[in-house]
Amino acid sequence: MTNDWKTRTQLVHQGSRRSQYGEMAEAIFLTQGFVYPDAESAEARFVKAGEDEFIYARYGNPTTRMFEERIAALEGTEDAFATASGMAAVSGALMSLVRAGDHVVSSRALFGSCLYVLEEVLQKFGVKVTFVDGADLGQWRTAVTPDTKAIFFESMSNPTLELVDIRSVSEIAHTAGALVICDNVFATPIYSRAVEQGADVVVYSTTKHIDGQGRALGGVVCGTKDFVRKTLEPYMKHTGGSMSPFTAWMHLNGMATLDLRVRASAASALKIAETLAGWSQVGRVIYPGLASHPQHDLAMAQMGNGGTLVTFEVAGGKEAAFRFMNALGIVKISNNLGDAKTIATHPATTTHQRLPQDQKDALGITPGLIRLSVGLEDTDDLIADLAQALGRN
Ligand SMILES: *Cc1c(COP(=O)(O)O)cnc(C)c1O
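Only a predicted model underlies this, so the values are computations on that prediction, with no experimental measurement involved. (Residues numbered from 1 in each chain as written. Predicted model: local features only at pLDDT ≥ 70, side-chain atom pairs only at ≥ 80, totals over all residues. Heavy atoms only, no water.)

## Examining the pattern of salt bridges
Turning to step 1, where the next piece is worked out: All told, the structure shown has 17 salt bridges when counted by the stated rule.
Turning to step 2, where the next piece is worked out: Among the ionic pairs, Arg 229 bridges to Glu 233, the shortest N-O distance being 2.5 Å. In this pair, Arg 229 and Glu 233 are both assigned in helix α8 (residues 225-239), 4 residues apart and thus about one turn of the helix distant.
Turning to step 3, where the next piece is worked out: Using a relative accessible area of 14% as the deciding quantity, one classes Glu 233 as buried. (Salt bridge = Lys/Arg side-chain N within 4 Å of Asp/Glu carboxyl O. Helix = DSSP H or I, 4+ residues; strand = E, 2+ residues; numbered from the N terminus. Buried < 20%, exposed > 50% of the residue type's maximum accessible area, 1.4 Å probe, protein only.)

## Examining the environment of Leu 376
Turning to step 1, where the next piece is worked out: By the element assignment, Leu 376 lies in the loop between β12 (369-373) and α14 (379-389).
Turning to step 2, where the next piece is worked out: For the pair Leu 376 and Val 262, spaced 114 residues apart in the sequence, the C-alpha separation amounts to 8.8 Å.
Turning to step 3, where the next piece is worked out: Sequence-distant contacts of Leu 376, that is, excluding residues within four places in its chain, are made with Arg 261, Ala 264, Ser 265 and Ala 340. (Contact = heavy atoms within 4.5 Å.)

## Remarks on the sheet that holds strand β10 (residues 332-333)
Turning to step 1, where the next piece is worked out: Reading across from one edge, β8-β9-β12-β11-β10 is the order of the 5 strands in this open sheet, with mixed pairing throughout. Edge strands, defined here as strands with exactly one partner in the open sheet, are β8 (282-286) and β10.
Turning to step 2, where the next piece is worked out: Here strand β9 (residues 309-314) pairs with β12 via 5 bridges, running antiparallel. Along β12, the bridge assignment pairs Phe 312 with Ile 370. (Pairing = 2+ DSSP bridges.)

## Things to note about a nonpolar patch on the surface
Turning to step 1, where the next piece is worked out: A cluster of nonpolar side chains, Ile 28, Leu 30 and Phe 246, forms an exposed patch at the surface whose accessible area comes to about 280 Å².
Turning to step 2, where the next piece is worked out: Inspection of the secondary structure puts Leu 30 in the loop between α1 (7-13) and α2 (39-47).
Turning to step 3, where the next piece is worked out: On the basis of relative accessibility, which here comes to 62%, the residue Leu 30 falls in the exposed class. (Patch = residues over 30% accessible without salt bridge, like charges linked within 9 Å, V, L, I, M, F, W, Y side chains within 5 Å. Areas by Shrake-Rupley, 256 points an atom, 1.4 Å probe, with all protein chains shown as cover.)

## Here we look at the sheet that holds strand β1 (residues 79-83)
Turning to step 1, where the next piece is worked out: An order of β1-β7-β6-β5-β4-β2-β3 is seen for the 7 strands of this open sheet, with the pairing classed as mixed. Two strands bound the open sheet, and with one partner strand each, they are β1 and β3 (128-132). When strand polarity is set aside, the average angle formed by the axes of neighbouring strands in this sheet is 20°.
Turning to step 2, where the next piece is worked out: Where β1 meets strand β7 (residues 219-223), 5 bridges bridge the pair, whose relative direction is antiparallel. Along β7, the bridge assignment pairs Thr 83 with Gly 219.
Turning to step 3, where the next piece is worked out: Helix α3 (residues 62-75) contacts β1, β6 (201-205) and β7 of the sheet and is inclined by roughly 130° relative to β1.
Turning to step 4, where the next piece is worked out: Across the face of the sheet, helix α4 (residues 86-95) comes into contact with β1, β4 (148-154), β5 (179-183), β6 and β7 while running at roughly 155° to β6. (Axes fitted to C-alpha atoms, helices over the stretch in contact; angles between N-to-C directions.)

## Details of helix α5 (residues 112-124)
A turn of α-helix holds 3.6 residues, and therefore any two residues three or four places apart point the same way.
Turning to step 1, where the next piece is worked out: Across its 13 residues, α5 extends 17 Å between first and last C-alpha, which sits within 8% of the 18 Å expected from 1.5 Å per residue.
Turning to step 2, where the next piece is worked out: Check the buried side of α5 and you find it contacts α4, β2 (103-107), β3, β4 and β5.
Turning to step 3, where the next piece is worked out: Note on α5: the residue one or two positions beyond its end, Gly 126, has a positive phi of about 85°. (Expected span 1.5 Å × (residues − 1).)

## Considerations on the domain arrangement of the protein chain
A common way to state how big an interface is: give the accessible area lost once the parts meet.
Turning to step 1, where the next piece is worked out: By domain assignment, the protein chain separates into domain 1 (2-255) and domain 2 (259-389).
Turning to step 2, where the next piece is worked out: Distance from the C-alpha centre of domain 1 to the C-alpha centre of domain 2: 27 Å.
Turning to step 3, where the next piece is worked out: Each partner contributes residues to the interface: domain 1 has 34 residues there, and domain 2 has 36 residues.
Turning to step 4, where the next piece is worked out: Carbon and sulfur atoms make up 59% of the surface buried where domain 1 meets domain 2, a total of about 3000 Å² over both sides.
Turning to step 5, where the next piece is worked out: One can count 0 salt bridges joining domain 1 with domain 2. (Domains from an automatic or database assignment. Buried area = accessible area lost by both parts, 1.4 Å probe.)

## Side note on the packing of aromatic side chains
Turning to step 1, where the next piece is worked out: What the rule picks out here adds up to 5 aromatic pairs.
Turning to step 2, where the next piece is worked out: On the numbers, 6.3 Å between centres and 85° between planes, the contact of Tyr 56 with Tyr 59 is edge-to-face.
Turning to step 3, where the next piece is worked out: A relative accessible area of 34% means that Tyr 56 is categorised as partly exposed.
Turning to step 4, where the next piece is worked out: Take Tyr 59: its relative accessible area is 27%, and that puts it in the partly exposed class.
Turning to step 5, where the next piece is worked out: Plain terms: the ring middles of Trp 140 and Phe 153 are 6.1 Å apart, the flat faces sit at 80° to each other, and that makes the pair edge-to-face. Taken together, the residues span a long stretch of sequence, with Trp 140 in helix α6 (residues 137-143) and Phe 153 in strand β4 at a distance of 13 residues. Considered together, Trp 140 and Phe 153 belong to a single accessibility category, that of buried residues.
Turning to step 6, where the next piece is worked out: Sitting above the plane of the Phe 111 ring, Lys 208 keeps its charged end 5.1 Å from the centroid.
Turning to step 7, where the next piece is worked out: The cationic tip of Lys 237 hangs over the ring face of Tyr 59; the distance from NZ or CZ to the ring centre is 4.7 Å. (Phe/Tyr/Trp six-rings, centres within 6.5 Å; stacked < 30°, edge-to-face > 60°. Lys NZ or Arg CZ within 6 Å of the ring centre and 35° of its normal.)

As structure tokens, then:
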């Protein structure tokens, strides 16, 4: 379904299909089912549904299909399946693929719910999971064996923005015949070249940059037609994790501006990171777009950009970090990311609160650490807000 359109054209037009009314904007088909002209047509459709034929919204819907075609073209995959949340996408991609006795290798620095799926759910059903330090290729090499069915990682970790080298890790996985599943949320679909670099399946929580306005929960799994329709779709459509047509419609609207939004946020994030690095109230600044990031070269080769998140340490620990957060005006305290609104998160006490102290230490989640998801406000206003909250004036 790919064509030679460039990203911004795809984001506006790809996958659009029009009803007999020729509506300009993508229509929302808020219907659970479809009417067949006769019993023979119903029978035929249940034997094999054609391109523009639908049966039930849990199986597929015209609005959802438009969204799937648009994101697949953007990601450069043959197909995509839209899910009810990012976690429905992650758990569906893994659960549809593996069976008891299979082996999975995963990076350890994971979004809390992803860790739950790998650590609790998969192992409960008899899948063996080995966790590695995602940035250490030696550990991937040792962990992946001929029995490894899949490897899973977040291409950029939360909240310390550490990268997994997609190309090298995919080579290791493919030598053993394992499928590479990449959760690419932090890289965003705009800076993603995950498939070109070797990933077989790319997963997004569309709740983040794709919705981009903090309204809807959604997810998507992108991959080959064979994986998406033969392995994933039967699992998703029968277990009930499909995306609602209303969400797909919001995402279609959101995607028209995705490239503009992500690039504006990323440009702001770079300027904010550079500014924070020069302030005495701030300790280390972690941003892959800064030359000081230990994987700066990899980030540039892999994404061509540092992304929309900046993580930094407020000097003075938790007390100073809370004082800073409570003094913020424009920047909101929350835990989402990829929103038009800039959001500050204190990982140690919220998103990563449940981790035992030794794991927080291992992941670098210190009491003064703040994760900033940079939105679309004016960069100078954001910097002024951060400055006053840090007591610089
Ligand atoms: C948010 C997020 C998820 C989960 O997505 P939901 O839409 O909240 O279910 C998974 N992985 C990463 C990296 C995320 O940031």
